[in-house]
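Architecture and fold: a report
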Amino acid sequence: MNYRKLGKTGLDVSEIGFGAWGIGKTMWIGASDSESLAALRHAIDLGLNFIDTALAYGDGHSEKLVGEAVRASGKRVYIATKVPPKNKRWPARPGIGIEEAFPRDYVVESTETSLRNLGVEQIDVQQLHVWNPEWLASDEWRRALEDLKTSGKVKAVGISINDHQPDSALGIIETGLIDTVQVIYNIFDQTPASSLFPACVKHGVGVIVRVPFDEGALTGRITEATVFPEGDFRNHYFRDDRKKQVEERVKAIAADTGLASVTDVANLAMRYCLSEAAVSTVIPGMRSMSSVDGNVRASDNGPLDAAQLETLRKHAWDRNFYG
Ligand SMILES: NC(=O)c1ccc[n+]([C@@H]2O[C@H](COP(=O)([O-])OP(=O)(O)OC[C@H]3O[C@@H](n4cnc5c(N)ncnc54)[C@H](OP(=O)(O)O)[C@@H]3O)[C@@H](O)[C@H]2O)c1
């Protein structure tokens, strides 16, 4: 496992972090708590020291599991969590004021709930779970985030950027008031490399890469015949003929890069994210020990070479499956 700086926070974080949405068991169906705890434990044993969760993941269930695993490990593991928007609207939509999503007192209360769920004294990174650039001039988020830091409830603050809108964070990055951003970056969505990453490097903002596998598409395991459990959000994400589209795209990536099997694309997808120097940590969802092993191996394999990166450039795919 390799480690990188999380921007100006100075924290040395493992370049593979743990994405803890799936273990919350609401929108992702199928995890068992014992397997999730085993995956968390295994990851920490292999040197992972950064976990991304959120109060919204199973209404605190993910936070409770993360807290349990971290406390039991006895190791220094950094925990990032998120304040859900008060109006429960994902993503943030234009025209909705910040007082509906993140009023100052609500942000503080939500953080206190997360501290209790996690069973820790301080949250390492507290993030606003959505961001709308129209809120930039508002005092509400500035006071909330500053008060959280001053009170010692959180060490660092950041935002989770709306799906596929990396440039919507450029304004808040320039204020110098946030320490991290969380953004979708993968072989399909390469857009953060154009403006977001250079801005993060310039302002010392740590980059947390989410959804490195495009919700599993880039693992090569999703085919036209894949059936997701009832109630799982991927039934919506991969609806209509999208599984077929994904299967064809992933086959093309494997063929172009000379891989023996489509499932080798998972390693390539992780190393694609790690090849970008601006990235601090990549947080795949991994509810199983075998996924943990695969991702730690990708860190050990190191970045892709220039020719591979050039080949992958043409596999960018501009679309938004969340909508
Ligand atoms: N708005 C937001 O702030 C937001 C939105 C989405 C996600 N996130 C964060 O980003 C994290 C990652 O996103 P995600 O979990 O939605 O999707 P993802 O990381 O793109 O994909 C997760 C899927 O990939 C599989 N997988 C992981 N490693 C693998 C490997 N080495 N080989 C084969 N398959 C592998 C997982 O399987 P198993 O789980 O079965 O092992 C799971 O099915 C989330 O957990 C969450 O922390 C934040």
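Residues numbered from 1 in each chain as written. Predicted model: local features only at pLDDT ≥ 70, side-chain atom pairs only at ≥ 80, totals over all residues.

Thoughts on the overall build of the chain
- What the chain contains, in helices and strands, is 12 helices and 10 strands.
- For the chain, the C-alpha radius of gyration of 19 Å lies close to 20 Å, the compact-globule estimate for 323 residues.
- By principal-axis analysis of the C-alpha atoms, the chain measures approximately 55 × 40 × 40 Å.
- The burial tally for the chain puts 48% of its 323 residues in the buried class.
- Considering only residue pairs separated by 6 or more positions, the chain has 77% of its internal contacts joining residues 24 or more positions apart. (Helix = DSSP H or I, 4+ residues; strand = E, 2+ residues; numbered from the N terminus. Rg over C-alpha atoms; globule rule 2.2 N^0.38 Å. Buried ≥ 20, exposed ≤ 12 C-beta atoms within 10 Å, placed from the backbone. Contact = placed C-beta atoms within 7 Å.)

Some thoughts on the site of the ligand
- Taken together, 26 residues sit near the ligand, with Gly19, Trp21, Gly285, Ser291 and Gly294 positioned nearest.
- Tallied by class, residues from the shell around the ligand come to nine nonpolar, 12 polar and five charged. (Near = placed C-beta within 6 Å. Nonpolar A, V, L, I, M, F, W, Y, C, P; charged D, E, K, R; others polar.)

So, the sheet that holds strand β4 (residues 50-52)
- The strand order across the open sheet formed by eight strands is β3-β4-β5-β6-β7-β8-β9-β10, and the pairing between neighbours is parallel. Each edge of the open sheet carries a strand with a single partner, namely β3 (18-19) and β10 (281-282).
- Looking at chain direction, strand β6 (residues 123-128) and strand β7 (residues 154-160) are connected through five bridges and run parallel. Opposite Gln126, over in β7, you have Val157 as the bridge partner.
- Sheet contacts for helix α4 (residues 104-118): β5 (78-83), β6 and β7; angle to β5, the most-contacted strand, approximately 140°. (Pairing = 2+ DSSP bridges. Axes fitted to C-alpha atoms, helices over the stretch in contact; angles between N-to-C directions.)

Points about the packing of α4 against helix α5 (residues 139-150)
- Direction vectors running N to C along α4 and α5 enclose 35°, while the axes themselves pass 8 Å from each other. The two elements α4 and α5 meet at a crossing, and its hand is right-handed. Listed contacts from α5 to Arg104, Val107, Val108 and Thr111 of α4 are Glu140, Arg143, Ala144, Asp147 and Leu148.
- Classifying every residue of the contact of α4 with α5 by side-chain character gives four nonpolar, one polar and four charged. (Left-handed = near helix turned anticlockwise from the far one by under 90°.)

These figures capture arrangement, not role.
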